[in-house]
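An overview of the molecular structure
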Amino acid sequence: MTGTSVNAISSQADLEDILSPDGGVWNDIEGQHIELAPTPLDRQPSAYVQVAWKDRNHGETSALTVQAITHKDTLALRIQWAAAQPKRSIDDINAYADACAVSFSTSGEETDLNTMGCPGNPISAWHWRAGTEAPFSITASGIGTTERSADHQLQARSRWSEGQWQVVFAGPLKSLSFSGAGGIPVAFAVWCGANSERAGLKAHTPGSCQLTIK
Amino acid sequence: MDTGATTKHQFAMVFDLNKCLGCQTCSIACKTQWTRGNGMDPQWWNIVNTIPGKGTPKNAFDLGGGYKDGKPVAGELPGKAEWGEAWDFEYDNVFFKSGDTEERDYLRPREHDGKPPKWGPNWDEDMGGGEYPHSYFFYLPLVCMNCENPACLEACPRDSIYRRDEDGVILIDEERCHGYRFCVEACPYKRIYFNERRVIAQKCISCFPRLEEGVAPACVRQCPGRVRHVGYLDDPESHISKLVNTWKVALPLRPDFGVKPRVFYVPPSMPLAFNEDDEFDESQSRFPMDEMRKLFGPDVEQALATVESEREKVAAGGQSELMDILISRNWNDMLGPYQQDPGKMVRPLRRGND
């Protein structure tokens, strides 16, 4: 997976069109296909989870497509993946909603993304869950340490149509650590609510991608 | 001797099932104290179920969780259909409909979709087991067991559940909890609830803010039946230690779950069985002993025999420390170190009252 590049193209389109998951501006942006894989079960930080899921599949989503736009100070990412049975909200005690996230290395080290960061080298992430009004802004310094905060500068819009989720994140570029003209390692994750996926039970990019500003 | 020695003290409770009359005052005490908040309507941190019965949620003790041979057991996560919702009631029909009284309805419970409920907390109350006259049942109050080997704590991948060092009370950190509900699956007693609105898990907190002020939990103080003893398991002079360790009449519920609960039960003495001549059969309890053993473990028959023996001693005019503890003529003796009367405490001023 290392070496996959997601190019963020500058756009002067109306921000509302960019934020819209079916906005016309996205038709002109090349999508990057990214393969996903289930997270390793033996890395789940709870013996209970490892036992309860040893005979169950998780990380059911096999791939997603990502497109990226920059608009002035904003980075917008549009993520699409197949979801035949969307779970649009947590509508029961035993129900889980579909979700996705994009994580960013703050150190520039792609290895941090595989471990959700480490002490001293946190990662940041944008997290969307179906049925919630606003996305979460996340930091983490290792598996099981995610901290959520409301970030009023982060937006997400979503749409499910014809078996596909389309989610657009839009957040401030300055919140990410870009070193000059280079890119930063990013990774993606998808949780399939119909399969009760949550926490570390997800499909993720087993390596990382490089997000480059063009 | 079981002292819960991993924390400074081990808060523990003993419920005498000979005395529980299923009045649910404890359930309401808890509900009015703690579970009226956002999304908490369906939560019954304290509940009293009828045994035999399916419990709350439905089939609660058959949904896995806990440990077997030291390893976690996968648990099921019941839905609202098994937990029961906080029902709506058609108050308008009963109280405000005017005109023809034949159109007045009675107070029917309805789920939020308008349909009649098919299950709810304590749904099978008083159904019990056996066919009359061989019927048998008892009431089983349930709270968080503050287990010494808590499956919920281990299950949480975020370490959102912790054990207080001062008294072993198990709490969920609601700021850390992300509502994954592994803990709900893992608890073999199914005493953890999910707050759908806040997307967090919640459960009995052993009234810890009251404990910190020396006040016994609400369910304990408000029980009219003097069912509940509280104290420190590690204090050999406490009712708890005497009932659990000295007299050995207070037993854990479902010890096979492997979680070492710190709520113990004095098993209920049951009526005698009837023989085929409809006479009492003094050799048999009406409650099947294999069911009793499954609930309270292999020591239950000895515990029942001890209580019976001490009861007979007193009936014959003798003295019994065990009977004195269980009868609890002095109610305050049941409260252990939590003697403070909340009614005599200085309350902080409410906003607007100064």
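Residues numbered from 1 in each chain as written. Chains lettered and ligands numbered in written order. Predicted model: local features only at pLDDT ≥ 70, side-chain atom pairs only at ≥ 80, totals over all residues.

1. Observations concerning the overall build of chain A
Assigned secondary structure in chain A consists of 3 helices and 14 strands. Taken over C-alpha atoms, the radius of gyration comes to 16 Å for chain A, in line with the 17 Å a tight globule of 214 residues would show. Along the first, second and third principal axes, the C-alpha atoms of chain A reach 50 × 40 × 30 Å. The proportion of buried residues among the 214 residues of chain A is 45%. (Helix = DSSP H or I, 4+ residues; strand = E, 2+ residues; numbered from the N terminus. Rg over C-alpha atoms; globule rule 2.2 N^0.38 Å. Buried ≥ 20, exposed ≤ 12 C-beta atoms within 10 Å, placed from the backbone.)

2. Some thoughts on the overall build of chain B
Looking only at helices and strands, chain B features 11 helices and 16 strands. In terms of C-alpha radius of gyration, chain B reaches 22 Å, essentially the compact-globule figure of 20 Å for 354 residues. The principal-axis extent of the C-alpha atoms belonging to chain B is close to 65 × 55 × 50 Å. Within chain B, buried positions represent 43% of all 354 residues. By sequence separation, contacts in chain B at least 24 residues apart represent 66% of the contacts at least 6 residues apart. (Contact = placed C-beta atoms within 7 Å.)

3. Describing unusual backbone geometry
Ile 51 of chain B connects to Pro 52 of chain B through a cis peptide bond whose omega is 0°. Following the sequence through the fold, Pro 52 of chain B ends up in the loop between strand 2 (47-51) and strand 3 (67-68). If you check the backbone angles, Glu 162 of chain A has positive phi at about 50° while not being a glycine. Considering the arrangement of structural elements, one finds Glu 162 of chain A in the loop between strand 10 (155-161) and strand 11 (164-172). Using a count of 5 C-beta atoms within 10 Å as the deciding quantity, one classes Glu 162 of chain A as exposed.

4. Looking at the nonpolar core
Ranked by size, the top nonpolar core spans 96 residues in total, and within it Cys 152 and Cys 183 of chain B carry the most contacts. Residue contacts for Cys 183 of chain B: discarding those within four places in its chain leaves Cys 152, Ala 155, Cys 156, Ile 161, Ile 192 and Ala 201 of chain B. Of all hydrophobic cores here, the second largest spans 52 residues; its members include Val 25, Ile 79, Ala 130 and Phe 188 of chain A. (Core = buried A, V, L, I, M, F, W, Y, C linked by C-beta atoms within 7 Å.)

5. Looking at the sheet that holds strand 12 (residues 228-232) of chain B
Read across the sheet, 4 strands follow the order 12-1-14-13 (chain B) without closing on themselves; strand pairing throughout is mixed. Edge positions in the sheet fall to strand 12 and strand 13 (251-252) of chain B, since each of these pairs with one other strand and no more. (Pairing = 2+ DSSP bridges.)

6. A closer look at the pairing of strand 14 (residues 263-266) of chain B
All names here are of chain B. Neither face of strand 14 is left uncovered, since the one carrying Val 263 and Tyr 265 and the one carrying Phe 264 and Val 266 both have all their residues buried. With 4 bridges joining them, strand 1 (residues 11-16) and strand 14 adopt parallel strand pairing. Looking at the pairing, Asp 16 lines up with Val 266 of strand 14. Here strand 13 runs beside strand 14; their pairing, made up of 2 bridges, is antiparallel. If you follow Pro 252 over to strand 14, its bridge partner there is Phe 264.

7. A closer look at the environment of Met 289 of chain B
Take Met 289 of chain B: it is sitting in helix 9 (residues 289-296). For Met 289 of chain B and Val 300 of chain B, which are 11 residues apart along the polypeptide, the C-alpha to C-alpha distance reads 8.9 Å.

8. Details of helix 10 (residues 300-315) of chain B
Residues and elements named next belong to chain B. Taking 1.5 Å per residue as the helical rise, helix 10 with its 16 residues ought to reach 22 Å, and the 22 Å between its terminal C-alpha atoms agrees with that figure. Among the residues making up helix 10, those that are buried are Ala 303, Leu 304, Val 307 and Glu 310. Take helix 10 and look down its axis: the buried residues cluster within an arc of 135°, on one side only. In helix 10, the exposed positions angled more than 90 degrees off the buried face are occupied by Gln 302, Ala 305, Glu 308, Ser 309 and Glu 312. Count one or two residues on from helix 10 and you reach Gly 317, which has phi positive near 100°. (Expected span 1.5 Å × (residues − 1). Arc of directions from axis to C-beta.)

9. A short note on the pairing of strand 1 (residues 4-10) of chain A
Each regular strand shows side chains that alternate between the opposite faces of the sheet. Residues and elements named next belong to chain A. Two strands pair when backbone bridges link them, and strand 1 and strand 14 (residues 209-213) are joined in this way by 5 bridges, in the parallel orientation. Residue Ser 5 lies in a different strand from strand 14, and its bridge partner there is Gln 210. Sheet topology note: the strand 1/strand 4 (residues 63-71) ladder contains 3 bridges and is parallel. Paired with Ser 10 across the strands is Thr 70, a residue of strand 4.

10. Some details on the interface of chain A and chain B
Chain A puts 16 residues into the contact, and the matching count from chain B is 22 residues. For the side of chain A that touches chain B, the class distribution of residues is 9 nonpolar, 5 polar and 2 charged. (Nonpolar A, V, L, I, M, F, W, Y, C, P; charged D, E, K, R; others polar.)

11. What about the domain arrangement of chain B?
All names here are of chain B. In terms of domains, chain B is made up of domain 1 (11-84 + 120-342) and domain 2 (85-118). The centre of domain 1, based on its C-alpha atoms, is set 34 Å off from the matching centre of domain 2. Each partner contributes to the interface: domain 1 provides 6 residues, whereas domain 2 provides 4 residues. (Domains from an automatic or database assignment.)

12. Re the confidence of the model for chain B
Reading fine detail from the predicted coordinates is not recommended where pLDDT is low. All names here are of chain B. For chain B, per-residue confidence averages 93 on the pLDDT scale, and residues scoring 70 or more make up 95% of the total. Confidence drops under a pLDDT of 50 for residues 1-5, and excluding neighbours within four residues, the segment shows 14 contacts in the predicted structure. Confidence estimates for the predicted assembly give a pTM of 0.94 and an ipTM of 0.95. (pLDDT = per-residue confidence, 0-100.)

13. What about helix 9 of chain B?
Along an α-helix, residues three or four positions apart point the same way, because every turn accommodates 3.6 residues. Residues and elements named next belong to chain B. All buried positions along helix 9 are accounted for by Met 292, Leu 295 and Phe 296. The buried residues of helix 9 occupy an angular sector of 75° when the element is viewed end-on, so they sit on one face. Along its buried surface, helix 9 packs onto strand 13, strand 14 and helix 10. One or two positions beyond helix 9, positive phi appears at Gly 297, with a value near 90°.

14. Some words on the confidence of the model for chain A
Across chain A, pLDDT averages 92, with 96% of residues at or above 70. Within chain A, helix 2 (residues 47-52) of chain A carries the highest mean pLDDT (98), whereas helix 3 (residues 111-114) of chain A carries the lowest (78).

15. Here's the deal with the environment of Pro 252 of chain B
Residue and element names in this part refer to chain B. By the element assignment, Pro 252 lies in strand 13. For Pro 252, a count of 23 C-beta atoms within 10 Å corresponds to the buried category. Apart from the residues lying within four places of it in its own chain, the contact partners of Pro 252 are Pro 261, Phe 264 and Gly 297.

16. Some thoughts on the environment of Asn 195 of chain A
All names here are of chain A. Relative to the elements of secondary structure, Asn 195 occurs in the loop between strand 12 (183-191) and strand 13 (203-204). Since 20 C-beta atoms lie within 10 Å of it, Asn 195 is described here as buried. Once residues within four sequence positions are removed from consideration, Asn 195 is found in contact with His 58 and Glu 60.

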